[in-house]
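Listed below are the residues making up each chain.
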Amino acid sequence: MNEDASQDFLQEEAAPFRADALPLAEYIDPVIEVFKKDVDRTMLRENLKLTPNERSRKFERAMKMVFELRRSANSSR
Amino acid sequence: MSTPETQFSNILALLSEAEIEFILVGGLAAMAHGSAAATLDVDVVYSRKPENIAKLVKALKPVSPYLRGAAPGLPFEFDEKTVRMGLNFTLTTKLGDVDFLGEIAGGGTFETLVAQTDRRMLFDISLLCVTLEKLIQLKQAAGRPKDLNAIAELQALLEERNKLSE
């Protein structure tokens, strides 16, 4: 690439962001389908019965336990 | 080094009370939609308007924001100039870890993403949260191997939610 061409390349604008260029959320990717077989749907169905606010409180309780376990694991090293 | 506990509700309350314009994305947004996955930090897309940056800097000052994973003692100051000169910040604070994204792959800025959000009540706080459909697209656009499980779970969640509305 000569110097002029390299300048042109550097001055090229990045392609503008286009939301419609993304695959749909429902896009079926064979790799994702393999991972999907391991998803515990009973947990998801239970969560869907709750309001977002109830989910956030449940999540907070679960995460307190996760952080406690991490702390215990770190202090026992 | 001890693992700080992320105080999710306190972080969101801090941002909300300071009237900062932000959109909840990442693991907490997934939880808001019904995901059962754990997450250790708060991810938000913030508006880069000067007045919003000023509010963000002021609100975070008391919780000592610092670059996550960086060596201690660096001359890092989370001030308006730093935020204007930067874009995405992965921070640790006294309340835990927070990622402030000026732009997100597949979603763009706050102003472009805001059309694909809905207002949800989380931790008794009303927040803008990215929609489930958009969250899946964001994870797809990120293209990280670690997100494969998350995409699978979110798509399963979307299928389950659609079944309920049929």
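Residues numbered from 1 in each chain as written. Chains lettered and ligands numbered in written order. Predicted model: local features only at pLDDT ≥ 70, side-chain atom pairs only at ≥ 80, totals over all residues. Heavy atoms only, no water.

### Focus: the overall build of chain B
The line we're drawing: We count a stretch as a helix when DSSP gives it H or I for four or more residues in a row; a strand needs E for two or more, and each element gets its number in order from the N terminus. In this treatment the radius of gyration is a C-alpha quantity, and the globule benchmark scales as 2.2 Å times the residue count to the 0.38 power.
If you tally the helices and strands in chain B, you get 7 helices and 7 strands. In sequence order, chain B lays out its α and β elements as α-β-α-β-α-β-α-β-β-α-β-β-α-α. Against the 2.2 N^0.38 benchmark of 15 Å for 166 residues, chain B shows a C-alpha radius of gyration of 16 Å, consistent with a compact globule. Projecting the C-alpha coordinates of chain B onto the three principal axes gives extents of approximately 55 × 35 × 30 Å.

### A short note on unusual backbone geometry
All names here are of chain B. The condition that has to hold: Only protein chains enter the accessibility calculation, which uses a 1.4 Å probe. A residue is then buried if its area is under 20% of the maximum for its type, exposed if over 50%, and partly exposed in between.
One non-glycine residue, Phe123, lies in positive phi territory at about 50°. Relative to the helices and strands, Phe123 is located in the loop between strand E6 (117-122) and strand E7 (125-130). With relative accessibility at 3%, the residue Phe123 sits in the buried group.

### Here we look at helix H3 (residues 50-60) of chain B
All names here are of chain B. Under the convention used in this document: As used here, the arc belongs to the directions running from the helix axis to the C-beta atoms. What makes two residues a contact is simply this: any of their non-hydrogen atoms within 4.5 Å.
Where H3 is concerned, the buried positions are Asn52, Ile53, Leu56, Val57, Ala59 and Leu60. Take H3 and look down its axis: the buried residues cluster within an arc of 165°, on one side only. Opposite the buried face of H3, by more than 90 degrees, sit the exposed residues Pro50 and Lys58. On its buried face, H3 sits against helix H1 (8-17), strand E2 (42-46), helix H4 (80-85), strand E4 (89-93) and strand E5 (96-101).

### A short note on the interface of chain A and chain B
Going by this rule: Buried area is understood as the total, over both parts, of accessible area removed when two parts are fitted together, assessed with a 1.4 Å probe. Take a side-chain nitrogen of Lys or Arg and a carboxyl oxygen of Asp or Glu: if they are within 4 Å of each other, that pair is a salt bridge. Pairs of N or O atoms are called polar contacts if they sit within 3.5 Å, as long as, within protein, a hydrogen donor faces a hydrogen acceptor (for residues adjacent in sequence, only side-chain-to-side-chain pairs). Residues were grouped as follows: Ala, Val, Leu, Ile, Met, Phe, Trp, Tyr, Cys and Pro as nonpolar; Asp, Glu, Lys and Arg as charged; and all remaining residues, including Gly, as polar.
Contact with chain A, which involves 34 residues of that partner, is made by 46 residues of chain B. Both sides together, the interface formed by chain A and chain B hides about 3500 Å², and carbon and sulfur atoms give 61% of it. Where chain A packs against chain B, one counts 7 salt bridges. At the boundary of chain A with chain B, the tally comes to 17 residue pairs in polar contact (both at pLDDT 80 or more). For the side of chain A that touches chain B, the elements supplying multiple residues, two or more each, are helix H2 (30-36), helix H3 (41-48) and helix H4 (52-75) of chain A. Tallying contributions element by element places H4 of chain A first for the side of chain A that touches chain B, with 14 residues. Of the residues that constitute the side of chain A that touches chain B, the class distribution is 19 nonpolar, 4 polar and 11 charged.

### A few points about the side chain of Gln137 of chain B
In this structure, Gln137 of chain B sits in helix H6 (residues 132-142). Not counting the four nearest positions on each side in its chain, Gln137 of chain B is found in contact with Leu22, Pro23, Leu24 and Ala25 of chain A together with Gln116 of chain B.

### Points about the confidence of the model for chain A
The condition that has to hold: What pLDDT reports is the predictor's confidence in each residue, on a scale of 0 through 100.
In this model, chain A carries an average pLDDT of 81, and 73% of its residues clear a pLDDT of 70 or more. Least confident of the elements in chain A is helix H1 (residues 3-11) of chain A, whose mean pLDDT is 57; most confident is H3 of chain A, at 96.

### Quick notes on the packing of aromatic side chains
All names here are of chain B. Heads up, the condition is: Stacked, tilted and edge-to-face are the three classes applied to pairs of Phe, Tyr and Trp rings, where Trp contributes its six-membered ring and a pair requires centres within 6.5 Å; stacked means planes under 30 degrees apart, edge-to-face means over 60, and tilted covers the rest.
Considering all chains together, one arrives at 7 aromatic pairs over all chains under this definition. When the ring of Tyr46 is compared with that of Phe100, the centres are 6.3 Å apart and the planes differ by 80°; the resulting orientation is edge-to-face. With a gap of 54 residues between them, Tyr46 in strand E2 and Phe100 in strand E5 connect regions that are remote in the sequence. Exposure class is identical for Tyr46 and Phe100. Each is buried. Between the aromatic rings of Phe78 and Phe89, the centroid separation amounts to 5.5 Å while the plane-to-plane angle is 90°, which identifies the pairing as edge-to-face. One end of the pair, Phe78, is in the loop between strand E3 (66-67) and H4; the other, Phe89, is in strand E4, and 11 residues separate them in sequence.

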